[in-house]
Structure formats: C-alpha cells, structure tokens
Amino acid sequence: MTTISFKVVILGAGVAGGYAARGLVEGDESLKGQVCLIGEEGFVPYERPALTRGYLLGKLTSDDIATCAYEGERHIKDWYPKNGVQLYLNLKAISIDFKKQEIKMNDDSIIKYTDYIILSTGSASREFGSNILGYNATNLFYMRTLIHGNKMLEKIILEDKKWVVIGGGPLGLEVTSALCAYERDVTLILTSNTIMQPLFSKELGGYYETKFIENGVKIIKSGARVKEFFVNEEGIATHCGWGTEDRVAGDFFFGGIGGILNLELFDDLEKADRKDGGGIKCDEYLQSASYDNVYVAGDICNYPSPMFDNKRLILGNVRNARATAKYAATSIIAKLNNTFKKNNYFDYLPNFYSDFLGYLWEVWGQPGGDFIMIQEAHPDDKSKKTVLGIWVVENKIDAIFLEGGSKDEHRTKAAQYVLAKKSWGKNDKLESVYEFFSDNTICGDMFGAQPWNKPGSTQCILPAACQGINPNDCGCDTM
Ligand SMILES: Cc1cc2nc3c(=O)[nH]c(=O)nc-3n(C[C@H](O)[C@H](O)[C@H](O)COP(=O)(O)OP(=O)(O)OC[C@H]3O[C@@H](n4cnc5c(N)ncnc54)[C@H](O)[C@@H]3O)c2cc1C
C-alpha cells in the first residue's frame with residue numbers, strides 16, 4: 001500500500017476542483033508541487049454546463065470545455081504537471097479519516113493532507129431506481145458527465161428518432177433545447193403545471209413553454225411521476241407511463257429528474273438541516289462545522305450568507321462552484337501565510353443562469369415571495385420585447401430575472417439592483433428599472449429577447465475573459 005502526502009488535497013475534480021487547483025497554485029507559487037487533485041472521472045476538470053450547451057451540440061470538444069475555459073484558460077492535461085498540481089484521474093476515494101487526515105483510495109493507496117483539504121465532490125444524476133419498472137432499459141439516458149454526453153451524442157447524431165424527456169427542470173429543458181437544435185421529435189413530460197417549478201411562476205413558465213411548442217416540442221403534463229418503462233425482449237423501453245392508462249412512446253428516453261449530493265464519504269462531518277437544504281454544514285468562511293482544516297466548495301457546500309441575514313444557502317449552480325472554490329483557495333493561502341482576516345467571509349450574491357433554445361436567462365438574488373413578470377416594449381424601441389421578472393418580499397425586490405444579456409457590466413447593474421433592495425410598488429412600471437440602469441442603450445441590449453447564442457452568433461458573454469480569442473471560437477457563451 002502506497003502513502004503519499006500533500007500540503008493541500010482537493011477531493012473531486014469537477015468545476016470547483018478545477019478552479020480551486022488554479023486558485024492555490026496561481027495564488028501562491030510556493031504551493032506548486034504541494035497540491036493534489038483527485039477525481040474519479042477519466043477527464044480533466046471541465047465546465048459541466050457546457051455538456052448540454054456546447055458539447056452536445058457538437059460545437060465544443062472535451063478540451064474546449066476544460067476548466068477554467070469560462071475565464072479564458074483551458075487547463076488541458078499538461079497544465080497540471082506544468083503548474084505543480086498532481087492530478088489523479090480515474091481514482092475514487094472510498095473513505096476519509098478526518099482525524100488522521102488520510103483518504104483511502106479504491107486502488108488501496110492512501111493520500112494524506114498535512115494542512116488542508118477542500119471537498120468538492122459535487123452531485124450525481126438522480127436515476128430511476130429498482131422501484132421503477134424497466135428502470136434499467138438500455139435506451140434510457142442521463143446527463144452529468146462527459147461519458148453521459150458521449151452516449152447521448154452518439155444516438156442524437158446517428159439516429160433521427162423520437163425522444164421522450166422526463167422532467168421540466170433546467171437539465172431536462174437544456175437537453176430538450178439541444179434535441180431541438182438537431183430538429184429531433186421530442187415529447188417533454190412534466191409532473192407540474194409548468195416548467196421550472198417551483199422557481200418559475202405559471203406566467204414565466206408559460207412564456208418558455210410557448211417557445212418550446214413553437215420549436216415542435218409536445219408537452220404532456222402528467223400530474224404524476226413516471227413510474228414505469230415498458231421494455232421489450234431486448235431490454236429496450238418502448239413506452240413510459242405514470243400508473244394510469246396513459247403511455248408515451250419513444251425510441252430514446254432522457255431522465256432529467258434532478259441530482260443527488262455526493263456525501264457518502266462524509267458521515268463524520270456535520271450536515272446542515274434538511275430544511276436548510278442539507279449538504280455539509282459550513283461557516284461563512286466555508287470551513288466545515290466539524291474541522292477547521294476542511295474547506296467545502298461547490299454543490300455540497302451549505303453556508304450562511306451574511307448578505308441575506310445569515311440565511312443558509314446551498315446552491316447547485318456553476319457560478320457558486322467557481323466562486324466557493326476560488327474563495328476556499330484564497331483563504332487557505334491566507335491561513336498558510338498568517339494573513340487571514342476575520343472579516344473576510346464569503347460575500348457572494350447568488351446568481352445563476354441557464355439557456356433554453358438559445359435564450360439565455362439569469363437570476364440575481366435569492367428568489368422568494370411574489371413574482372411579478374413584466375413583458376413590455378422598450379420605451380425607446382417598441383419593437384423590442386423585454387422580459388424581466390422580479391421577486392418581491394415585503395415590497396422590496398429580493399431577486400431579479402433577466403432574459404438576454406451580453407456584457408459583464410449589465411450583470412453588475414442587475415446585481416446592484418438587487419443589492420440596493422429597491423422598493424417596488426403595485427403601480428411601478430418597467431421604466432423605473434430602466435431609470436435605475438440609467439442608460440437606455442444598455443437596457444436595450446440587456447433585455448432584448450433576441451437569442452444571442454444561436455449557432456453563428458457573434459456575441460460573446462464575457463468578451464474580457466476571452467483574452468483576445470475570437471468570440472466565434474471561444475465558446476464561452478456555453479459554459
Ligand atoms: C448537464 C449539466 C448542465 C448544467 N448547466 C448549468 C447551467 O446552465 N447553469 C448553472 O449554473 N449550473 C449548471 N449546472 C450545474 C453545475 O454544473 C454544477 O453546479 C457544478 O458542476 C458543481 O460543481 P462541483 O465541483 O460542486 O461538482 P461537479 O462539477 O459535479 O464535480 C464533482 C466531481 O467530484 C468527483 N467525485 C465525486 N465523488 C468522488 C470520490 N469519492 N472520489 C473521487 N472523485 C469524486 C465527481 O466524479 C466529479 O467529477 C449543470 C450541470 C449539468 C450536469
């Protein structure tokens with residue numbers, strides 16, 4: 001049995017793992033050679049959202065989506081040895097002794113951390129279990145990893161067949177969007193009365209449903225979860241159903257039924273309450289509640305947000321993964337160098353995005369309360385439809401929904417809008433939002449309901465981050 005030691009170990013080589021590794025060695029040269037990143041997948045860390053939006057569309061390769069592509073740096077395999085990060089791929093941790101600071105791996109080796117560990121094991125796809133008839137059908141797909149992506153891509157490219165997508169959350173809808181780009185026949189099954197429940201109001205969900213229908217998607221509101229797959233003698237599902245007489249026929253089925261946090265190794269760490277979303281309980285410095293030298297980043301991290309009266313947050317989205325990882329790396333460096341300042345907590349405005357049919361939308365803030373959707377023509381250009389949503393709690397805007405967007409500064413303004421906790425009266429109009437943004441030309445870009453990342457689009461989400469790469473080539477609009 002071999003034992004190897006590193007000053008800092010990052011467990012989980014996904015989005016957060018990739019950003020944390022960069023943060024450590026770029027933040028402190030002396031850490032080069034002292035950092036190790038462990039991942040059970042056979043790929044370098046990659047920008048997972050790009051799986052559905054770039055990779056599945058055949059626009060990007062696995063190298064294109066390597067972290068930190070979103071920020072203009074693609075760390076393909078040789079980046080790691082060149083930058084003093086020992087990257088172990090295809091290696092799975094099977095147990096951790098946090099007292100001894102030892103991780104046992106599935107090849108019987110032991111990896112020790114002498115100072116800190118960052119846990120970034122993320123989530124796995126929720127799959128239909130053995131309680132569902134036909135759950136192991138060979139034509140049932142999921143999407144979390146490049147392996148999933150490759151399996152699906154092979155079928156989408158080769159065969160013009162009928163797909164049934166189960167689930168109207170972001171994953172199901174991003175996959176539906178990709179299938180639409182290939183002009184496949186798609187039926188989308190929702191258990192709820194609209195897509196993206198409970199985040200979207202009926203009106204906002206309906207707005208996107210119309211777009212999916214215009215793209216040929218058939219939407220079935222089953223009102224109940226899919227309970228069975230009818231499988232033929234070759235193990236191939238031909239239909240799915242939900243316990244009634246109704247059946248939906250398909251050649252391929254996609255399960256977009258959510259994710260499960262990868263927490264199985266962490267029995268010894270305190271968890272956050274279920275009502276607070278679960279995950280590993282951390283403080284506002286992202287240190288686990290159980291051990292000071294255990295930092296947590298990405299999907300599994302549950303932390304209090306001083307910005308939201310210390311409400312506990314657990315955010316399964318990519319910007320949170322990048323931000324928590326960078327923060328953990330910076331904090332560890334500060335601790336190692338005795339420069340850590342107590343008031344330097346993780347100060348982050350939650351925000352996330354997705355893209356349906358090429359329409360990018362974003363949410364800034366922590367949605368709650370009543371949702372008001374405003375769709376108006378731009379005051380200066382009536383031909384421009386605008387989509388804006390506002391979540392209002394006690395007459396204060398708590399979160400903002402935007403469709404469209406092209407530049408960093410627009411986002412900054414959206415964030416400022418939420419942070420200013422603007423009041424919102426019943427009779428307020430979109431004009432007051434425009435006033436806040438002060439420059440109508442910027443608003444025009446920002447709210448224009450034109451999809452900006454349809455194939456061939458020249459607009460780029462973060463021009464500055466592309467570091468001179470032609471926006472047509474950079475692909476960062478898909479990360
Ligand atoms: C298809 C898809 C599309 C998405 N689109 C969006 C989007 O549009 N917008 C958005 O905000 N978010 C999106 N997300 C969510 C976003 O990608 C995640 O929130 C983000 O990847 C979380 O990062 P993470 O590092 O915590 O976990 P992950 O990126 O999942 O990485 C965790 C890694 O840890 C590894 N691991 C786990 N356990 C072990 C172990 N025991 N030993 C070794 N390795 C282990 C896993 O194999 C994995 O590689 C999307 C996710 C998917 C799957």
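Up top is the structure these notes are about.
Computed from a prediction, not measured in an experiment: that's the story for all the values here.

Each value, and the rule that gives it
Residues numbered from 1 in each chain as written. Predicted model: local features only at pLDDT ≥ 70, side-chain atom pairs only at ≥ 80, totals over all residues. Near = placed C-beta within 6 Å. Helix = DSSP H or I, 4+ residues; strand = E, 2+ residues; numbered from the N terminus. Nonpolar A, V, L, I, M, F, W, Y, C, P; charged D, E, K, R; others polar. Domains from an automatic or database assignment. Pairing = 2+ DSSP bridges. Right-handed = clockwise from strand over helix to strand, strands pointing away. Buried ≥ 20, exposed ≤ 12 C-beta atoms within 10 Å, placed from the backbone. Axes fitted to C-alpha atoms, helices over the stretch in contact; angles between N-to-C directions. Parallel < 35°, antiparallel > 145°, perpendicular 65-115°, else oblique. Left-handed = near helix turned anticlockwise from the far one by under 90°. Contact = placed C-beta atoms within 7 Å.

Engineer: Before we go on, may I ask you to explain the site of the ligand in this structure?
Structural biologist: Not every one of the 36 residues close to the ligand is listed here, only the nearest: Gly12, Gly14, Gly122, Gly298 and Asn317. Listing elements by their share of the shell around the ligand, those giving two or more residues are helix 1 (15–27), helix 2 (50–55), helix 5 (170–181), helix 7 (318–336) and strand 21 (351–356). Here the residues of the shell around the ligand sort into 14 nonpolar, 14 polar and 8 charged. Lining the shell around the ligand are residues from two domains, each supplying at least three of them: domain 1 (3–122 + 262–336) and domain 2 (140–257).

Engineer: I would appreciate a short explanation of the pairing of strand 11 (residues 218–221) in the present structure.
Structural biologist: Regular strands have side chains that alternate between both faces of the sheet. Pairing analysis gives 4 bridges linking strand 10 (residues 185–190) to strand 11, with the strands arranged parallel. Within strand 11, the position partnered with Leu188 by the bridge is Ile219. Since strand 10 and strand 11 lie parallel, the crossover through helix 6 (residues 202–214) that links them has a hand, and here it is right-handed.

Engineer: I keep staring at unusual backbone geometry and nothing clicks. Help me out?
Structural biologist: Trans peptide bonds make up most of the peptide bonds, and negative phi angles are found at most residues other than glycine. The amide bond that connects Thr67 to the next residue, Cys68, takes the cis arrangement and shows omega of 10 degrees. By the element assignment, Cys68 lies in the loop between helix 2 and helix 3 (79–82). Of note, the amide linkage connecting Gln197 to Pro198 takes the cis form, showing an omega dihedral of 0 degrees. Residue position: Pro198 is located in the loop between strand 10 and helix 6.

Engineer: Is there a simple way to explain the pairing of strand 22 (residues 359–365) in this structure?
Structural biologist: For strand 22, the tally of buried residues reaches 6 of 7 residues, placing the bulk of the element in the interior. For strand 21 and strand 22, the ladder comprises 6 bridges, and the chain directions are antiparallel. In the strand pairing of strand 22, Phe352 is matched with Val363. Hairpin connection from strand 21 to strand 22: 2 residues lie between these consecutive antiparallel strands, with Leu357 at a positive phi of about 60 degrees. Relative to strand 25 (residues 396–403), strand 22 is paired through 5 bridges, and the arrangement is antiparallel. Note that in strand 25 the partner of Glu362 across the bridge is Leu402.

Engineer: Help me understand the sheet that holds strand 14 (residues 247–249) in this model?
Structural biologist: Remark on secondary structure: sheet strands pair via backbone hydrogen bonds, oriented parallel or antiparallel. Spatially, 12-13-14 is the arrangement adopted by the 3 strands of the open sheet, whose pairing is antiparallel. Looking at the sheet topology across the chains shown, the edges are occupied by strand 12 (228–231) and strand 14. For this sheet, the mean inter-axis angle between neighbouring strands, taken without regard to orientation, is 30 degrees. Judged from the 4 bridges that link them, strand 12 and strand 13 (residues 237–241) form a sheet pairing that is antiparallel. Its bridge partner lying in strand 13, Phe229 is registered against Cys240.

Engineer: Help me understand the sheet that holds strand 11, please; the structure alone is not making it clear to me.
Structural biologist: Within the open sheet, the 5 strands sit side by side as 8-15-9-10-11. Their pairing is parallel. The two strands at the open ends of the sheet, each matched to only one other strand, are strand 8 (140–141) and strand 11. Bridge analysis of strand 9 (residues 162–166) against strand 10 gives 5 bridges, and the strand direction is parallel. Residue pairing for strand 10: Lys162 is matched across the bridge by Asp185.

Engineer: Even after reading the chapter, I still don't get the packing of helix 1 against helix 7, so can you show me in this structure?
Structural biologist: Any two packed helices are characterised by the angle at which their axes cross and by the distance between the axes. Interhelical geometry of helix 1 versus helix 7 gives an angle of 30 degrees and a closest axis separation of 8 Å. Here helix 7 runs roughly parallel to helix 1, going by the angle between their axes. Once helix 1 is placed against helix 7, the crossing between them reads as right-handed. Of helix 7, the residues touching helix 1 (which contributes Val15, Ala16, Tyr19, Ala20, Gly23, Leu24 and Gly27) are Val318, Ala321, Arg322, Thr324, Ala325, Lys326, Ala328, Ala329, Thr330, Ile332 and Ile333. Across the contact of helix 1 with helix 7, the residue classes break down as 12 nonpolar, 4 polar and 2 charged.

By themselves, these are just geometric observations and shouldn't be taken as functional.
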